[in-house]
Amino acid sequence: VTSGNILTVKDDYLPILPLTIVKLFILVFTYIGTNFVNGMLIFTYFYHPIFYENSRYVLFVHLVINDVFELSVAMTLHIWLRVKPSVFVPLCYTLVILASNTTLNTPLNLALMSLERYIAICYPLRHSQICSLQRTYIAIGVIWIVGIIPSITDLFIVLAVEQLSFFSTSVYCIRESFYRTSYQTKIKTAIMSVYLTVVWLVIVCTYLRIMFAARSASSSEKTSAKKARNTILLHGLQLLLAMLTYIPPFTDPFLVGISTEIFLDLSFSRYYLVYIVPRVLSPVIYGLRDENFRKHLKSHMPCFQ
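Residues numbered from 1 in each chain as written. Predicted model: local features only at pLDDT ≥ 70, side-chain atom pairs only at ≥ 80, totals over all residues. Heavy atoms only, no water.

Visitor: Break down the overall build of the protein for me, with residues and values.
Guide: If you tally the helices and strands in the protein, you get 10 helices and four strands. In the protein, the succession of α and β elements from N to C terminus is β-β-α-α-β-α-α-α-β-α-α-α-α-α. Within the span of the protein, comprising 305 residues, buried residues form 43% of the whole. Looking at the protein alone, contacts between residues at least 24 apart form 80% of all its contacts between residues at least 6 apart. For the protein, the exposed surface amounts to about 15,800 Å²; the carbon and sulfur share of it is 70%. (Helix = DSSP H or I, 4+ residues; strand = E, 2+ residues; numbered from the N terminus. Buried < 20%, exposed > 50% of the residue type's maximum accessible area, 1.4 Å probe, protein only. Contact = heavy atoms within 4.5 Å. Areas by Shrake-Rupley, 256 points an atom, 1.4 Å probe, with all protein chains shown as cover.)

Put into structure tokens, the structure is as follows:
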């Protein structure tokens, strides 16, 4: 049953139906396959020093590690809420913070990766100076700080409004369970609108600048520019899918009144498309398309021989 933007469950346990088992099998199979490839990419990155001396690969491996965390938390919550919807508040909030933070990290990381490609193509002589390893690590730190601010703000509001006894109870473990004022939803929508607009502007502008630079480049430079442009296009596709995370407040009012079974089917489809598919694209975009990664992966993964 839906209540506003929050899915509430009357029973303490949900029945495990055959279709539910099929869905969970699909999720677990995709999760294992994706994280196996991600794990090999992370291993390859740390095994060969050539990668962690390059800002491009530092940003990439951060995206992959972030995806592993996000997939793991999202999978844990999805299965847990299907079996037993109520979760102890402190544990729930820890998972919600990690899920929210890693979700917000993805668009910002994609924007940084697009900027790095733009600098590499348009300012190759200054690339090592502008995209130094120190600046790259600082940028990653800023990403995590920016990502955690909304969740910490929600926590302060809960502490101000609720009694301490609230933290010894259980809740349906979604972020909206910690909304205590109507302003939180409005502020979240406004922040996300500005946040995603900035990321989209970065990706579109870097794509256009690389495209214009390719017109006046030599034949060898045009090849690099074309690869960078295609990479940014794939980043845009990832971002487009990731943006579906923020449409529930606009779509859920239209779902009021539908059966619980249909709502759960739609929720599963949205979850798979928003959380799983973009994370499947990440290892393909860099890990399997990149010549350096592909060359070193062959020595670790027989299937690439």
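Visitor: Account for the nonpolar core, naming residues and giving values.
Guide: Grouped together as the largest cluster of nonpolar side chains are 36 residues, with contacts concentrated most on Tyr-45, Phe-60, Tyr-195, Val-199, Ile-210, Leu-239 and Phe-293. Where this core is concerned, the elements lending two or more residues are helix 1 (18-47), helix 2 (55-83), helix 3 (89-122), helix 5 (133-161), helix 6 (182-215), helix 7 (219-242) and helix 10 (291-297). Among the elements that take part in this core, helix 6 stands out by supplying eight residues, more than any other. (Core = buried A, V, L, I, M, F, W, Y, C linked by side-chain atoms within 4.5 Å.)

Visitor: Explain helix 3 residue by residue, including any values.
Guide: Taking 1.5 Å of rise per residue, 34 residues should cover 50 Å, and helix 3 covers 49 Å from first to last C-alpha, within 8% of that figure. By the largest-angle criterion, Thr-106 marks the main kink of helix 3, which is about 25°, and a proline, Pro-107, follows within four residues. Extensive coverage of helix 3 is indicated by the burial of 26 of its 34 residues. (Expected span 1.5 Å × (residues − 1). Bend = angle between axes of the 7 residues up to and from the residue.)

Visitor: Can you lay out the packing of aromatic side chains for me, pointing to particular residues and giving the numbers?
Guide: Applying the stated criterion across every chain, the model contains nine aromatic pairs. Between Tyr-118 and Tyr-123, the ring centres sit 5.8 Å apart and the planes meet at 85°, which makes this aromatic pair edge-to-face. Since its relative accessible area comes to 13%, Tyr-118 is described here as buried. For Tyr-123, a relative accessible area of 35% corresponds to the partly exposed category. Seen from their ring centres, Phe-166 and Phe-178 are 6.3 Å apart, and the 85° between their planes marks the pair as edge-to-face. (Phe/Tyr/Trp six-rings, centres within 6.5 Å; stacked < 30°, edge-to-face > 60°.)

Visitor: So what's going on with the confidence of the model for the protein? Residues and values would help.
Guide: Looking at the protein as a whole, the pLDDT averages 78, with 84% of positions reaching at least 70. Counted against residues more than four places away or in other chains, residues 1-14, with its pLDDT under 50, gives 37 contacts. (pLDDT = per-residue confidence, 0-100.)

Visitor: Any details on the packing of helix 2 against helix 5? Residues and values, ideally.
Guide: Contact geometry for helix 2 and helix 5: axes closest at 9 Å, N-to-C directions at 25°. By the angle between their axes, helix 2 is roughly parallel relative to helix 5. Seen from above, helix 2 lies across helix 5 with right-handed handedness. For the pair formed by helix 2 and helix 5, the contact residues are Ser-55, Val-58, Leu-59, His-62 and Asn-66 on the first element and Leu-133, Thr-136, Tyr-137, Ile-140, Ile-143 and Trp-144 on the second. Of the residues that constitute the contact of helix 2 with helix 5, the class distribution is seven nonpolar, four polar and no charged. (Axes fitted to C-alpha atoms, helices over the stretch in contact; angles between N-to-C directions. Parallel < 35°, antiparallel > 145°, perpendicular 65-115°, else oblique. Left-handed = near helix turned anticlockwise from the far one by under 90°. Nonpolar A, V, L, I, M, F, W, Y, C, P; charged D, E, K, R; others polar.)

Visitor: I'd love a proper account of helix 6, names of residues and values included.
Guide: Here helix 6 spans 51 Å end to end across 34 residues, near enough to the 50 Å set by a 1.5 Å rise per residue. Of all the positions in helix 6, only Gln-184, Met-192, Tyr-195, Leu-196, Val-199, Val-202, Ile-203, Thr-206, Ile-210 and Ala-214 are classed as buried.

Visitor: Kindly report on the state of the cysteines, identifying the contributing residues and their values.
Guide: Scanning the entire structure with this criterion turns up one disulfide. Between the sulfur of Cys-92 and that of Cys-173 lies a disulfide, 2.2 Å long from S to S. Here the disulfide of Cys-92 and Cys-173 is right-handed, its torsion about the S-S bond being about 105°. With Cys-92 in helix 3 and Cys-173 in the loop between strand 4 (170-172) and helix 6, this residue pair connects regions lying 81 residues apart in the sequence. By the burial criterion, Cys-92 is buried, and Cys-173 matches it. (Disulfide = S-S within 2.5 Å.)

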